[in-house]
Amino acid sequence: QVQLVESGGGLVQAGDSLRLSCAVAGRTIRRSAMGWFRQAPGKEREIVASIGWSTFATYYADSVKGRFTISRDNAKNTVYLQMNSLKPEDTAVYYCAADVSGPASRPEVGSWGQGTQVTVSS
């Protein structure tokens, strides 16, 4: 019954920006740590960013620090990922995640979205 629906992916050129959205249905995200993960072909899924539910503390992978920003709007039950200065190596399927916990090296996730494709051309 819990559904996470990503949107905003697409094909862009290096240096462009995209804003991904994750709309959650079936539950409130008010007390859920949320996150974004990505998986490129032939590579393992990796955490990109996360945001807490109490203090809204954020975490970013080193590869995206200074370029990506995660945010949340609890009233809209939606999480966002603003991606600036995109690089070809950012190309991947991006997944929204709810109830993110554990260390960044091995995070646990309660619910996954189906993913949205982001392709960055050089």
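For clarity, every value in this text was computed on a predicted model and none was experimentally measured.

Reading guide: rules and limits
- Residues numbered from 1 in each chain as written.
- Predicted model: local features only at pLDDT ≥ 70, side-chain atom pairs only at ≥ 80, totals over all residues.
- Heavy atoms only, no water.
- Helix = DSSP H or I, 4+ residues; strand = E, 2+ residues; numbered from the N terminus.
- Rg over C-alpha atoms; globule rule 2.2 N^0.38 Å.
- Buried < 20%, exposed > 50% of the residue type's maximum accessible area, 1.4 Å probe, protein only.
- Contact = heavy atoms within 4.5 Å.
- Salt bridge = Lys/Arg side-chain N within 4 Å of Asp/Glu carboxyl O.
- Core = buried A, V, L, I, M, F, W, Y, C linked by side-chain atoms within 4.5 Å.

Asker: Which residues make up the overall build of the chain, and what are the values?
Answerer: A count of helical and extended segments in the chain gives 0 helices and 11 strands. When the helices and strands of the chain are listed from N to C terminus, the series reads β-β-β-β-β-β-β-β-β-β-β. Taken over C-alpha atoms, the radius of gyration comes to 13 Å for the chain, in line with the 14 Å a tight globule of 122 residues would show. Within the chain, buried positions represent 40% of all 122 residues. Here the contacts in the chain between residues at least 6 apart in sequence split such that 56% fall between residues at least 24 apart.

Asker: Residues and numbers for the pattern of salt bridges, please.
Answerer: Tallied over the full model, the rule gives 5 salt bridges. Note that aspartate 62 and lysine 65 form a salt bridge whose closest N and O atoms lie 3.2 Å from each other. In terms of burial, aspartate 62 and lysine 65 fall into one category: exposed.

Asker: With reference to specific residues and values, describe the nonpolar core.
Answerer: Of all hydrophobic cores here, the largest spans 27 residues; its most connected members are Met34, Trp36, Leu81, Met83 and Tyr94. Looking at this core, the elements that each hand over two or more residues are strand E3 (18–25), strand E4 (34–39), strand E5 (46–51), strand E7 (68–73), strand E8 (78–83), strand E9 (92–98) and strand E11 (116–121).

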